[in-house]
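Below, each chain spelled out in residue letters.
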Amino acid sequence: MKQHITKIIAAVCICTAMTGCKPDMDINNPAEASTDNYYKKKSELENALIPAYQALIGRKQGGYCFTTLFTLLAPGDDFRRTYKWAAMYQDTYNTPASDEAAKGPWQDWFNGIMAANLAIDKINQFNDKSVSAEELNTMLGQALFLRGLFYLNLASIYGETIPLYDHAIATRDDYYPGNAEKGAVYAQIVADFTKAAELLPVRSKFYSKADNIGRATQGSALGFLAKAYLWRPIIEKGREAEYDKARPVLKRIIDSGEYELNANFRDNFTNDPKKENGKESIFEVQMHNGNSWMGGDLSDSWRWINIGLPDGTGGCWWNLAPTKMAYDEFEEGDPRRYMTLWCPGGATFTDSKGKIVTFEMMNEKCSSDKDLYGTRKACPDVNISDADDDYNDPLMRYADILLMYAECLHAAGKDGADISDREGAKYWIQQVRNRANNVVPTEQAHLWYQHSPGKLPTVDELLAAAPIINGFKMDNVMNLIMHERCVELMGEYYRYFDLMRWGMKDPQYLEPIKKLGWSERKMYLPFPQDELNNDPNLTGNDANK
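Calculation criteria
Residues numbered from 1 in each chain as written. Predicted model: local features only at pLDDT ≥ 70, side-chain atom pairs only at ≥ 80, totals over all residues. Heavy atoms only, no water. Helix = DSSP H or I, 4+ residues; strand = E, 2+ residues; numbered from the N terminus. Rg over C-alpha atoms; globule rule 2.2 N^0.38 Å. Buried < 20%, exposed > 50% of the residue type's maximum accessible area, 1.4 Å probe, protein only. Contact = heavy atoms within 4.5 Å. Areas by Shrake-Rupley, 256 points an atom, 1.4 Å probe, with all protein chains shown as cover. Lys, Arg positive; Asp, Glu negative; His and termini not counted. Charge placed at Lys NZ, Arg CZ, Asp CG, Glu CD. UniProt positions renumbered as here; feature names shortened; annotations may be inferred. Axes fitted to C-alpha atoms, helices over the stretch in contact; angles between N-to-C directions. Parallel < 35°, antiparallel > 145°, perpendicular 65-115°, else oblique. Left-handed = near helix turned anticlockwise from the far one by under 90°. Nonpolar A, V, L, I, M, F, W, Y, C, P; charged D, E, K, R; others polar. pLDDT = per-residue confidence, 0-100. Phe/Tyr/Trp six-rings, centres within 6.5 Å; stacked < 30°, edge-to-face > 60°. Lys NZ or Arg CZ within 6 Å of the ring centre and 35° of its normal. Disulfide = S-S within 2.5 Å. Core = buried A, V, L, I, M, F, W, Y, C linked by side-chain atoms within 4.5 Å. 1 Å grid on protein atoms, 1.4 Å probe; cavity = no way out; pocket = protein on both sides within 12 Å on 5 of 7 lines; lining within 4 Å. Points joined across faces, edges and corners; volume = space filled by probe spheres on them. Expected span 1.5 Å × (residues − 1). Polar contact = N/O pair within 3.5 Å; in protein donor to acceptor, adjacent residues only side chain to side chain. Salt bridge = Lys/Arg side-chain N within 4 Å of Asp/Glu carboxyl O. Pairing = 2+ DSSP bridges.

Caption draft 1: The arrangement of the overall build of the protein in detail. Check the secondary structure of the protein and you find 22 helices and 10 strands. Over its C-alpha atoms the protein spans a radius of gyration of 23 Å, differing by no more than 12% from the 24 Å that the globule rule assigns to 545 residues. Projected onto its principal axes, the C-alpha positions of the protein cover 70 × 50 × 50 Å. Burial status across the protein gives 61% buried among its 545 residues. Put simply, of all contacts in the protein between residues at least 6 apart along the chain, 71% involve residues at least 24 apart. When the accessible surface of the protein is summed, it comes to about 20900 Å², and 49% of that surface belongs to carbon and sulfur atoms. With 61 positive and 76 negative side-chain charges, the protein shows a spacing of 1 Å between the two charge centroids.

Following this line, the structure appears as structure tokens:
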């Protein structure tokens, strides 16, 4: 599917969301394909999904190709901008409405919503009896999943008053909506993921055909439905997380037998086609590095050159980097530190001349920011000749499912159950920690965990020792969940949103970002000024004031 999705040219060009469109111009050429005469065949209907998948990566570099790295990672306490990008604002909680990087996700992901809505409309209207109901349902389920995912991302970044598009564009007025009513976006996200889960096949069935590998499955829809329930405090501000609804959804994924943890943590972050979309993958963005760079192939990742190696290697931009907090969050003896970060005592990099470069050598040549680290996760260990790469971007893994389930059991008062009891929160945290201790035989030979197990204590041992890690004492299950999510999922875009959603109920979890300048008025990015200028019916959020 990596090749199948990313290399197909979209059959329909869609206008940049709410910007520069002129829907009333009567310039249709009957000899050309249009939305009215194109979707008459099964293959054409399938092509309707391609622009929606493509929008995850981004035509305007606003998706997971580029600027989303900053809009999702920079606001957390575990990453910050380097001296190389003085004009980045996301880690200052003072992003101006004119900021181009903050506008990218809005444009690309609303494009994705437009594409998904068009696909939903055409699938629902399709009446060729040679195409089975199951085939149509599978296509419809993917479109609903993608629309739900785009709205989940957009609402968590810009707040719930973003425009709500629930149908394909038909009139001029459709291009210029007002703000969504409170609760409406959250309701649609839940409805989209719920319906998608009903329509989509399970992973083992869907992926039995190679072209489908990497597409959304029933497990993808269920996983993000559960996440939406847990993220409700930031998607629908002022409302509490729906743990009671998320818990049976997560249990259904666990009981399905469709997923399991990889034996090796590092196998989740490789561009090896035999390991991508593996048994731990719930959903990942499919990246393909073509023959051009600077976004020319529209299917690549700029992760490694933007947040990967320190600039002391000579070829990396290093615009965003893990902080000392990120390094310190890992317990001593946790191999994940060295599989996540470029740091002292960790992996080495092979440069373009075949020279082995240690982190210390990188840091020595850094012009500044010697207190920062590098991001090794989902980045190459060997210099590549291009600015972009083809490492898929995992948006959800089975480890996240287990930790969300542990959180739901904690909310249900199941902290006291024995560590061997599947009905208790500690059991599921321990499964993730057990895997972290596994020997990783495919790692670089000088790394100690390549031949020896990790040294992480059990959950019970950690609770008994109760160390203080970055200001939080590990003497209760909730703090352990916070800690485990941070180290297991570091660099996977969740830290800031976890702190916010927990902090809406318990302000202590907001302290790490408050110390960096966070305030409730600036919890979301402002609506892009270009969109406000273009749409007279749209009003900005608090960050625009």
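So, next bit.
Caption draft 2: Looking closely at the UniProt feature "domain: SusD-like N-terminal" (unreviewed entry) in the protein. In the numbering used here, UniProt assigns the feature "domain: SusD-like N-terminal" (unreviewed entry) to residues 77–230. Secondary structure across residues 77–230 comprises 55% helix and 2% strand; the distance between its end C-alpha atoms is 20 Å.

Caption draft 3: Highlighting the packing of helix H6 (residues 133–158) against helix H9 (residues 218–230). As a packed pair, H6 and H9 sit with axes 11 Å apart at the nearest point and diverge in direction by 30°. On the basis of the axis angle, H6 is roughly parallel to H9. Between H6 and H9 lies a crossing of left-handed hand. Between H6 and H9, the contacting residues are Phe145, Leu149 and Leu152 on the first element and Ser220, Ala221, Phe224 and Ala228 on the second. Class assignment of the residues belonging to the contact of H6 with H9 gives a composition of six nonpolar, one polar and no charged.

Caption draft 4: View of the confidence of the model for the protein. Per-residue confidence for the protein gives a mean pLDDT of 91, with 91% of residues at or over 70. Long-range and interchain partners of residues 4–28, a stretch whose pLDDT sits below 50, account for 51 contacts in this model, where long-range means more than four residues apart.

Caption draft 5: Geometry of the packing of aromatic side chains. In total, this model carries 32 aromatic pairs according to the counting rule given. Seen from their ring centres, Tyr64 and Trp109 are 5.5 Å apart, and the 40° between their planes marks the pair as tilted. Separated by 45 residues along the polypeptide, Tyr64 in the loop between helix H3 (50–57) and helix H4 (68–73) and Trp109 in helix H5 (residues 100–125) bring together distant segments of the chain. For Tyr64, a relative accessible area of 4% corresponds to the buried category. On the basis of relative accessible area, Trp109 is assigned to the buried category, the value being 0%. In this arrangement the basic side chain of Lys227 is found over the ring face of Tyr494, its NZ or CZ atom lying 3.9 Å from the centre. In this arrangement the basic side chain of Arg376 is found over the ring face of Trp342, its NZ or CZ atom lying 5.8 Å from the centre.

Caption draft 6: Quick look at the state of the cysteines. With the rule as written, the count across this model stands at zero disulfides. Distance from the sulfur of Cys379, which forms no disulfide, to the nearest cysteine sulfur (Cys316) is 8.5 Å.

Caption draft 7: Representation of the nonpolar core in the model. Core analysis: the biggest nonpolar cluster contains 166 residues, and Phe145, Ile162 and Phe224 have the highest contact counts within it. A per-element tally of this core places H6 first, with 15 residues. Setting aside residues no more than four positions away along its own chain, Ile162 makes contact with Trp106, Phe110, Tyr151, Leu154, Ala155, Asn179, Ala180, Val185 and Phe527.

Caption draft 8: Layout of empty space enclosed by the protein. What the rule picks out here adds up to six cavities of 30 Å³ or more. Quantified by volume, the largest cavity comes out at close to 130 Å³. For the largest cavity, the lining is made up of 16 residues, of which Tyr496, Lys522, Met523, Tyr524 and Leu525 are closest to its centre. Of all elements in the fold, only H6 and helix H20 (495–503) reach the threshold of two or more residues within the lining of the largest cavity. Classifying every residue of the lining of the largest cavity gives 10 nonpolar, five polar and one charged.

Caption draft 9: Layout of helix H19 (residues 477–488). Compared with the 16 Å implied by 1.5 Å per residue over 12 residues, the 16 Å span of H19 between its first and last C-alpha is a close match. Of all 12 residues making up H19, 12 are buried, and the element is well covered by its neighbours. The N-terminus of H19 is capped by Asn476, whose side-chain oxygen sits 3.3 Å from the backbone nitrogen of Met478.

Caption draft 10: Broad picture of the side chain of Asp78. Locating Asp78 in the fold gives a position in the loop between H4 and strand S1 (79–81). Residues in contact with Asp78, not counting those within four places in the same chain, are Leu73, Ala321, Pro322, Thr323, Met325, Ala326, Met490 and Arg495.

Caption draft 11: Structural detail: the environment of Lys353. The residue Lys353 is located in the loop between strand S5 (349–350) and strand S6 (356–357) in this model. By relative accessible area, which is 79% here, Lys353 ends up exposed.

Caption draft 12: Representation of the pattern of salt bridges within the structure. By the definition in use, this model includes 44 salt bridges. A salt bridge links Glu443 to Arg376, with the shortest nitrogen-to-oxygen separation between them at 2.7 Å. With Glu443 in the loop between helix H17 (425–436) and helix H18 (459–465) and Arg376 in the loop between strand S7 (374–375) and strand S8 (393–397), the pair connects residues that are 67 residues apart, well separated along the chain. Neither Glu443 nor Arg376 differs from the other in exposure class; each is buried. Among the ionic pairs, Arg485 bridges to Asp400, the shortest N-O distance being 2.7 Å. Note that Arg485 is positioned in helix H19 and Asp400 in helix H16 (residues 398–411), a separation of 85 residues in sequence. The network of salt bridges with shared partners includes Glu280, Glu331, Asp334, Arg336, Lys377, Arg397, Arg433, Arg435, Glu484, Glu488 and Glu492.

Caption draft 13: Structural view of the packing of H5 against H6. As a packed pair, H5 and H6 sit with axes 9 Å apart at the nearest point and diverge in direction by 155°. Of the possible angle classes, the one that applies to H5 and H6 is roughly antiparallel. Once H5 is placed against H6, the crossing between them reads as left-handed. Tallied by class, the residues present in the contact of H5 with H6 amount to 20 nonpolar, four polar and two charged.

Caption draft 14: Highlighting the pairing of strand S2 (residues 281–285). Buried residues dominate S2, accounting for five of its five residues. Examined bridge by bridge, S2 and S8 share four bridges and lie antiparallel to one another. Each bridged residue has a counterpart across the sheet, and for Ser281 the counterpart in S8 is Arg397.

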